[in-house]
Amino acid sequence: MIPKNYMPNFIIDIVRVLRAVKFFLLKKSVLVKNSSYKDKFRGEDVFILANGPSLEIEQLEKIKGKNIITMNDFHKARGEFDFKIVAHCSGEPHTSTAWTDPSEMIRLIDSQSFWFNIYDHDVMGKISDINKEINYVNPGFGQNSFFNEINLSKICFNYQTSAQFAIQVAIYMGFKNIYLLGFDHDWLASPKFSKHFFSDKKQANDMIHEKSYLELIKMCKEIWEMYYKLRKISKTKGVSILNLSKDSYLDIFLNKDISEVI
């Protein structure tokens, strides 16, 4: 097998799309269930919470009762919040070294829906205590794809972070204004490990910083390119995405203070 780093990008994109087509054909009945969420919240606002250290308890207090999308280890947050969590996204497939058993997050997070990679469909069926609304997405299209429509019931766009996954879910659900909190994206500035708002210690599933610094640079380049794609898609749909994260390195979306929104 030719290592990914030595394969031309267009070859990688073709392989990913073909793989996504295979999963669509095999799991069509699973993916079609997502169509019930299309434009479910048309015209409404939503706050997407990443887990970066800039996310503050005071900010969480301000968005009580608002539509919320959370991700990954949000269940590790301390305190009780009156949140209307419409979706919780966990992007790492079970084939990733950063994957962890999702049972705890599903049990502890009160969300209307949970979203995972289609790769996890068979694995999740073996977890006995899952009795909540579980949905799956089938990533395949790259940032250079000519497609500009997010369709979670067929094939969606690849994502390098759960945050990109969550933005796709928000757009698909029809939200008009999408506000980002905790999107620090400071991997290059914090080369030892990723800090989170719920902990300043390295998490067991933090595999990003096992990479060399050059690999981190290349990874961030791909991440930023996909964000540009998502910005383009949002504009074609008349969706506003604002970054409310303090001192965020994610400069693709207009940055504002949360006080300007609430």
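Residues numbered from 1 in each chain as written. Predicted model: local features only at pLDDT ≥ 70, side-chain atom pairs only at ≥ 80, totals over all residues. Heavy atoms only, no water.

Okay, helix 6 (residues 162-172) next. With eleven of eleven residues buried, helix 6 is to be regarded as a mostly interior element. The positive-phi residue at the C-terminal boundary of helix 6 is G174, with phi of around 90°. (Buried < 20%, exposed > 50% of the residue type's maximum accessible area, 1.4 Å probe, protein only. Helix = DSSP H or I, 4+ residues; strand = E, 2+ residues; numbered from the N terminus.)

A word on the sheet that holds strand 1 (residues 45-49). Paired through their backbone hydrogen bonds, the strands of a sheet run either parallel or antiparallel. Reading across the sheet, the eight strands line up as 5-4-3-2-1-8-9-10 and stay open at both edges, with parallel pairing between neighbours. Strands with a single pairing partner mark the edges of an open sheet, and in this sheet they are strand 5 (134-137) and strand 10 (254-255). Bridge analysis of strand 2 (residues 67-71) against strand 3 (residues 84-90) gives five bridges, and the strand direction is parallel. If you follow I68 over to strand 3, its bridge partner there is I85. On the sheet, helix 6 packs against strand 1, strand 2, strand 3, strand 4 (114-117), strand 5, strand 8 (177-181) and strand 9 (240-243) and is oriented at approximately 135° with respect to strand 3. (Pairing = 2+ DSSP bridges. Contact = heavy atoms within 4.5 Å. Axes fitted to C-alpha atoms, helices over the stretch in contact; angles between N-to-C directions.)

Moving on: the packing of helix 6 against helix 7 (residues 213-236). Describing two packed helices takes the angle between their axes plus the distance from one axis to the other. Here helix 6 crosses helix 7 at 10°, and the two axes come no closer than 11 Å. In terms of orientation, helix 6 lies roughly parallel with respect to helix 7. Residues A163, Q164, I167, Q168 and I171 of helix 6 form the contact with helix 7, whose participating residues are I223, M226, Y227, L230 and S234. Across the contact of helix 6 with helix 7, the residue classes break down as seven nonpolar, three polar and no charged. (Parallel < 35°, antiparallel > 145°, perpendicular 65-115°, else oblique. Nonpolar A, V, L, I, M, F, W, Y, C, P; charged D, E, K, R; others polar.)

Look at helix 7: 35 Å from first C-alpha to last across 24 residues, which is about the 34 Å you get at 1.5 Å a residue. For helix 7, the set of buried residues is L216, M219, C220, I223, W224, M226, Y227, K229, L230, I233 and S234. In this structure, the buried residues of helix 7 make contact with strand 6 (139-141), strand 7 (156-157), helix 6 and strand 9. One or two residues past the end of helix 7 sits G238, with phi positive at roughly 70°. (Expected span 1.5 Å × (residues − 1).)

On to the pairing of strand 5. Neither face of strand 5 is exposed, since I134 and Y136 on one face and N135 and V137 on the opposite face are all buried. Two elements, strand 4 and strand 5, share four bridges in a ladder whose sense is parallel. Of the residues in strand 5, the one forming a bridge with F114 is I134.

Turning our attention to the pairing of strand 9. When a strand is regular, its side chains alternate between the sheet's two faces. Pairing analysis gives four bridges linking strand 8 to strand 9, with the strands arranged parallel. Its bridge partner lying in strand 9, Y179 is registered against L242. Bridge analysis of strand 9 against strand 10 gives two bridges, and the strand direction is parallel. Bridge pairing links N243 to N255 in strand 10.

By themselves, these figures tell us nothing about what the structure is for.
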